[in-house]
Structures are given as structure tokens and as C-alpha cells.
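Now for the letters of each chain:
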Amino acid sequence: MNSSPHYIPQSDPPLPPWETLPTMYDLPSDNPEEPGLPDDFHFLQPLLLYLTFQPINWNPELVYSAADLNLYYDLQHPLWYKRPDWFGVVGVQKLYKGQDLRLSYVTWQEPANPFVVVELLSPGTEDEDLGTRRESAADKPPSKWEVYERILRIPYYVVFSRYTNELQAFQLVGGHYEPMNLTEGRLLMPEIDLSLGLWQGSFQDIERLWLRWFTLAGELIPAPTEEAAAANERAIIAEQEAIEAKQEAAQAKRKAEQLAERLRQLGINPDELNELL
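Residues numbered from 1 in each chain as written. Predicted model: local features only at pLDDT ≥ 70, side-chain atom pairs only at ≥ 80, totals over all residues. Heavy atoms only, no water.

Asker: Could you clarify how one ought to interpret the overall build of the protein in this entry?
Answerer: Within the protein one finds six helices and twelve strands. Out of the 277 residues in the protein, the part that is buried amounts to 40%. Residue pairs in contact within the protein that sit at least 24 positions apart in sequence constitute 58% of those at least 6 positions apart. Counting only carbon and sulfur atoms, one obtains 53% of the accessible surface of the protein, whose full area is about 16300 Å². (Helix = DSSP H or I, 4+ residues; strand = E, 2+ residues; numbered from the N terminus. Buried < 20%, exposed > 50% of the residue type's maximum accessible area, 1.4 Å probe, protein only. Contact = heavy atoms within 4.5 Å. Areas by Shrake-Rupley, 256 points an atom, 1.4 Å probe, with all protein chains shown as cover.)

And the structure:
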């Protein structure tokens, strides 16, 4: 059972929020009543995003992403949170303060807000994910759309439906989300030298349409298992080429020996012929 957060009394002058508000150790990290249907897709799809989120122009040690992790966002209501299916951050260490695995992502304890959020549509979350349901009561948490757009001002918000394979994306422009257009089937994010798009292929031995990261030029960013498989395939090809080259050299040698023997039978010394040539 989670205990109530302990608040530190304010001082004069006031202490900063990261010293007075609850930390990830104080706040709940789960909620069994959270809407949404957990399933294999909600495990595998964020995993593929996690494995391929490799911003080329950022130090890998300052790139963080997470799936199904509580995201605390409001200084005035420190118990309010959202739980994105996946989000990525740049400029943040993989470990909390360089020391501990995160229990939650508490924005007032972190140096940066998420750069991109991905929500996977479920029957129970579609209205909130797409911003068609807005909370108007002051005592109730705002919708995901309002949090991402108005409070955290996350630059990119992406929504993907496994049921229709529809990809929708929004970019923060002038404080509001505007729909993004696809470029060659991908969403370009030049700030991190990456693009996000759909890919038909096999991941974890499951063939389907997946959402994954590409370079800006459209090259796949391989997951570690894919990279290992590609390296293994290259090694096999190189070995095969070496065997074929060795076989060709042996065959050329046999033909040369057969030709020399034929010349001797004709009374011609192949060694003297070579000297003349």
C-alpha cells in the first residue's frame, strides 16, 4: 500500500519544487483502475520503439525512453499523472540522477519534459487520446491531450491504431497541436535526426505492420537483435565468398597444370614458354 507523500514545509524565500514536492519514491507507480486493455501489442510495440529510439545527434547516455510509466506533470496537483504507452526524452540520463532506475517520471524532478509521446489506441482510451474528450471541472485531471499540449508542451504527439493501422501525428506549433503531414510515409523530426513511420516486417517472430524509428533519410534503425542477425548474415556471406574465391583459385590452378601437361605432350616446355612471354 502506498503511503501519503510527505511534504516539506515552505521557507522564506520558497524552496524550489524539486526540494519540496514529492519525488518518484513518494508517488504511486501503478493504478489497477487505469483504463486501457493490456495485451501483447501494448508490450511489443513500445518495446520496438524503445529499441530503435537512437537519436543520432545525441549522446546515447542522455537519451531516455519508457513505456507504461507514470508521468507526473502538475506542480499544483502533484498526485495527478498520465501513463503514456511510450515516450522519449533527450537531455536526460538513463538513470534517475545518474543512480537509480525510475519508478515514475516526475517532471519537476527532471531536467527535461518528454520530446515525443506515442499512444496506442484502445477502445477505452480513444476519446482521451485524440482530444475529443476534455475535462472542464477544475477539480478533475485534464485529458492526455491537454497535458501534452498545454502543460508539458511536448513537441510531438503520435497516435497509432493497431485496428485500422492509421497513424496520426501532431506537432506543437504556437502553443497548439497541428496535424503533421507524412513525408514518404514517415514523420520527420529533424531536431533529433530521426523519423517515425510504419514498417511491414517481423519483430519477435511476429509479422505485421509496426511503428518504428528510421533515420531522416528513411533508413531503418536496427534493433540490437536485428543488428546481430545482420552481422551474422554478413559474416556468412563473407565466409561463402572466401570459399568461392578459394575454389576458383584451385580450379584455375588445375587448369594451368592441365595446360602445362598438354604442352609437354606436344614437346613444348611450358617453363621456357613462360620465359618467352
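Asker: Would you mind going over helix α2 (residues 40-52) with me for this structure?
Answerer: At 3.6 residues per turn, the α-helix brings residues three or four places apart onto the same side. With 13 residues, α2 ought to run about 18 Å at 1.5 Å a step, and its terminal C-alpha atoms sit 19 Å apart, in line with that. Taken as a whole, α2 has its buried residues at Phe41, His42, Leu44, Gln45, Pro46, Leu48, Leu49 and Thr52. As for α2, its buried residues are in contact with β4 (86-90), β6 (116-120), β7 (156-160), β11 (194-203) and β12 (206-215). (Expected span 1.5 Å × (residues − 1).)

Asker: Where do I start with the pairing of strand β9 (residues 176-179) in this structure?
Answerer: When a strand is regular, its side chains alternate between the sheet's two faces. When strand β8 (residues 167-173) meets β9, the two strands line up antiparallel, connected through four bridges. If you follow Phe170 over to β9, its bridge partner there is Pro179. Between β8 and the antiparallel strand that follows it, β9, lie two residues; Gly174 among them carries a positive phi value of about 60°. (Pairing = 2+ DSSP bridges.)

Asker: When you look at the sheet that holds β9 in this model, what are you seeing that I'm missing?
Answerer: Sheet strands pair via backbone hydrogen bonds, and the direction of the pair is either parallel or antiparallel. Ordered in space as β1-β4-β6-β7-β8-β9, the six strands form an open sheet in which the pairing is mixed. Looking along the sheet, the strands with just one partner apiece sit at the ends: β1 (63-66) and β9. Sheet twist, expressed as the average angle between the axes of neighbouring strands with direction ignored, equals 20°. Here α2 sits on the sheet and contacts β1, β4, β6 and β7; the angle it forms with β6, its principal contact strand, is near 155°. Those strands touched by helix α4 (residues 144-151) are β6, β7, β8 and β9, and its axis lies near 110° from that of β9. (Axes fitted to C-alpha atoms, helices over the stretch in contact; angles between N-to-C directions.)

Asker: Looking at this structure, how should I read the pattern of salt bridges?
Answerer: One side chain can pair with another of opposite charge once the charged atoms of both are near each other. This structure, assessed with the given rule, holds five salt bridges. The closest approach of N and O atoms between Arg83 and Asp68, which form a salt bridge, is 2.9 Å. Pair noted here: Arg83 is in the loop between β3 (81-82) and β4 and Asp68 is in the loop between β1 and β2 (71-72), with a separation of 15 residues, a long-range link. (Salt bridge = Lys/Arg side-chain N within 4 Å of Asp/Glu carboxyl O.)

Asker: In this structure, what is going on with unusual backbone geometry? I would like to understand it.
Answerer: Backbone geometry follows two general trends: most residues other than glycine have a negative phi, and most peptide bonds adopt the trans configuration. Phi is positive for Asp68, close to 55°, though the residue is something other than glycine. For Asp205, which is not glycine, the phi torsion reads 65° and is therefore positive. Examined against the element boundaries, Asp205 turns out to sit in the loop between β11 and β12. Given the relative accessible area of 77%, Asp205 is considered exposed.

Asker: What is the right way to read the side chain of Arg208 from this model?
Answerer: Considering the arrangement of structural elements, one finds Arg208 in strand β12. When its relative accessible area of 18% is taken as the criterion, Arg208 is described as buried. Beyond its immediate sequence surroundings of up to four residues, Arg208 is in contact with Phe41, Phe160, Arg162, Asn165, Trp199, Gln200 and Gly201.

Asker: What's the story with the sheet that holds β3 in this structure? I'm lost.
Answerer: Spatially, the three strands line up as an open sheet ordered β3-β2-β5, and their pairing is mixed. Pairing within the sheet leaves two strands with one partner each, and these edge strands are β3 and β5 (105-106).

Asker: Whenever I open this one, α4 confuses me. Can you help?
Answerer: Burial within α4 is extensive, with six of its eight residues counted as buried. What α4 keeps buried is the set Lys144, Trp145, Glu146, Val147, Tyr148 and Glu149. Arg153 occupies a position one or two residues after α4 and carries a positive phi of about 50°.

Asker: I would appreciate a short explanation of the packing of aromatic side chains in the present structure.
Answerer: Two aromatic rings are characterised by how far apart their centres lie and by the angle between their planes. Within the structure shown, the criterion is met by 17 aromatic pairs. Between Trp86 and Trp213, the aromatic rings sit 6.0 Å apart at their centres with planes inclined by 50°, giving tilted as the arrangement. Note that Trp86 is positioned in strand β4 and Trp213 in strand β12, a separation of 127 residues in sequence. For Trp213, a relative accessible area of 0% puts it in the buried group. In textbook terms, an aromatic cluster arises when at least three aromatic residues are bridged by ring pairs, as seen for Trp145, Tyr148, Tyr157, Phe170 and Tyr177. The aromatic ring of Trp210 is capped on one face by Arg208, whose charged end is 5.7 Å from the ring centroid. Lying across the ring of Trp199, Arg212 places its NZ or CZ 4.5 Å from the centre. (Phe/Tyr/Trp six-rings, centres within 6.5 Å; stacked < 30°, edge-to-face > 60°. Lys NZ or Arg CZ within 6 Å of the ring centre and 35° of its normal.)

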